[in-house]
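Secondary and tertiary structure notes
So you can see what is in the structure, the chains are spelled out below.
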Amino acid sequence: LSLKAKLTLLYTLLITAVVAVALAVLLSLSNQEMLSGVQGKLRERVAQAPDEVEFRNGDLRFDSDLLELKDNVYLSLYQADGTLLYGKIPFGFDQTSMFQDGNLWRTDEGETHFYVMDMSCTVDGYGDLLIRGITSVTDAEGAFRSTLGVAIVLLPMVVIFAAVLGYFMTGRTLAPVKKITDTVRDIRSKSDFSRRIHLGEGKD
């Protein structure tokens, strides 16, 4: 390989390694941030749920917002004995799962993964209720995998761009060397020792 080709290859490999490491770090941090964000939204929705329940005129009243799928969180309310009173449960979730008051935990139902947050609360005039929030980790991970796919597609494009850019940068950098080499070849072939290189002033 010529010096130009070697330097281009070295530059391309270096850029590829830097980009690959940077992508790996960013994707790892993004994955952790994504899961942390899902957990945070789940905790927030469960914590807000007691404000949407009241006991009035001998009946429990539930705000319709509890049925809305905000931040992909399903909310359901139960009596202390586990009887479902109100809410929505995602398809595929095992409703027989034991309550874990105050805990956020993960459960796998086949190929679907869920985060579950359980919390007990007391409704004035009625007594204790159990609140369960459920969100699909699989949906969030699916969005992350789409981002990962885009990154994998972009990496070869970055490598090609780096190779082309490196080739032209190396060519410009080695232009004086090429001029010296061409002049020497010309002197050798024609024995014309009057030839001069004329690189101009510089520090090299």
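Residues numbered from 1 in each chain as written. Predicted model: local features only at pLDDT ≥ 70, side-chain atom pairs only at ≥ 80, totals over all residues. Heavy atoms only, no water.

Details of the sheet that holds strand S7 (residues 127-136)
Strand order in the open sheet made by the five strands is S4-S3-S7-S6-S5, with antiparallel pairing throughout. Two strands in the sheet have a free side with no partner beyond their single neighbour: strand S4 (84-87) and strand S5 (104-109). Across this sheet, the average inter-strand angle for adjacent strands is 30°, counted without regard to direction. Sheet analysis places strand S3 (residues 73-79) next to S7, joined by seven bridges and oriented antiparallel. Considered in S7, the bridge of Val 73 is made with Thr 135. (Pairing = 2+ DSSP bridges. Helix = DSSP H or I, 4+ residues; strand = E, 2+ residues; numbered from the N terminus. Axes fitted to C-alpha atoms, helices over the stretch in contact; angles between N-to-C directions.)

A closer look at a nonpolar patch on the surface
A surface patch of nonpolar side chains, about 430 Å² in accessible area, is lined by Val 150, Val 153, Leu 154, Met 157 and Val 158. Within the secondary structure layout, Val 158 lies in helix H2 (residues 137-173). (Patch = residues over 30% accessible without salt bridge, like charges linked within 9 Å, V, L, I, M, F, W, Y side chains within 5 Å. Areas by Shrake-Rupley, 256 points an atom, 1.4 Å probe, with all protein chains shown as cover. Salt bridge = Lys/Arg side-chain N within 4 Å of Asp/Glu carboxyl O.)

Some details on helix H3 (residues 175-190)
Compared with the 22 Å implied by 1.5 Å per residue over 16 residues, the 22 Å span of H3 between its first and last C-alpha is a close match. Buried within H3 are the following residues: Thr 183, Asp 186 and Ile 187. Along the axis of H3, the buried residues cluster in a sector spanning 100°; they form a single face. Facing away from the buried surface of H3 by more than 90 degrees, the exposed residues are Lys 178, Arg 185, Arg 188 and Ser 189. (Expected span 1.5 Å × (residues − 1). Buried < 20%, exposed > 50% of the residue type's maximum accessible area, 1.4 Å probe, protein only. Arc of directions from axis to C-beta.)

Description of the nonpolar core
Formed by 22 residues in total, the largest nonpolar core has its most connected members in Val 53 and Leu 129. At the level of secondary structure, the elements contributing two or more residues to this core comprise helix H1 (3-48), S3, strand S6 (112-123), S7 and H2. Counting residues per element, this core draws most heavily on H1, at six residues. Residues within four places of Leu 129 in sequence aside, it is in contact with Val 53, Leu 60, Leu 77, Tyr 78, Gln 79, Leu 85, Met 119, Ser 120, Cys 121 and Val 123. The next biggest cluster of nonpolar side chains, apart from the first, holds six residues, and it includes Tyr 74, Trp 105, Phe 114 and Val 116. (Core = buried A, V, L, I, M, F, W, Y, C linked by side-chain atoms within 4.5 Å. Contact = heavy atoms within 4.5 Å.)

Description of the confidence of the model for the protein chain
With 99% of its residues at a pLDDT of 70 or more, the protein chain shows a mean pLDDT of 85. Here H2 stands out as the least confident element of the protein chain, with mean pLDDT 81; S3 is the most confident, with 91. (pLDDT = per-residue confidence, 0-100.)

A look at the side chain of Ser 136
Inspection of the secondary structure puts Ser 136 in strand S7. Residues in contact with Ser 136, not counting those within four places in the same chain, are Asn 72, Thr 112, His 113 and Phe 114.

So, the packing of aromatic side chains
Under the definition given, this model contains five aromatic pairs. Ring centres of Phe 62 and Tyr 86 lie 4.7 Å apart, and the angle between their planes is 5°; on these two criteria the pair is classed as stacked. Of this pair, Phe 62 sits in strand S2 (residues 59-62) while Tyr 86 is found in strand S4, placing the two residues 24 residues apart along the sequence. Judged by relative accessible area, which is 21%, Tyr 86 ranks as partly exposed. Over the ring of Tyr 167 we find Lys 4, and its NZ or CZ is 4.0 Å from the ring centre. (Phe/Tyr/Trp six-rings, centres within 6.5 Å; stacked < 30°, edge-to-face > 60°. Lys NZ or Arg CZ within 6 Å of the ring centre and 35° of its normal.)

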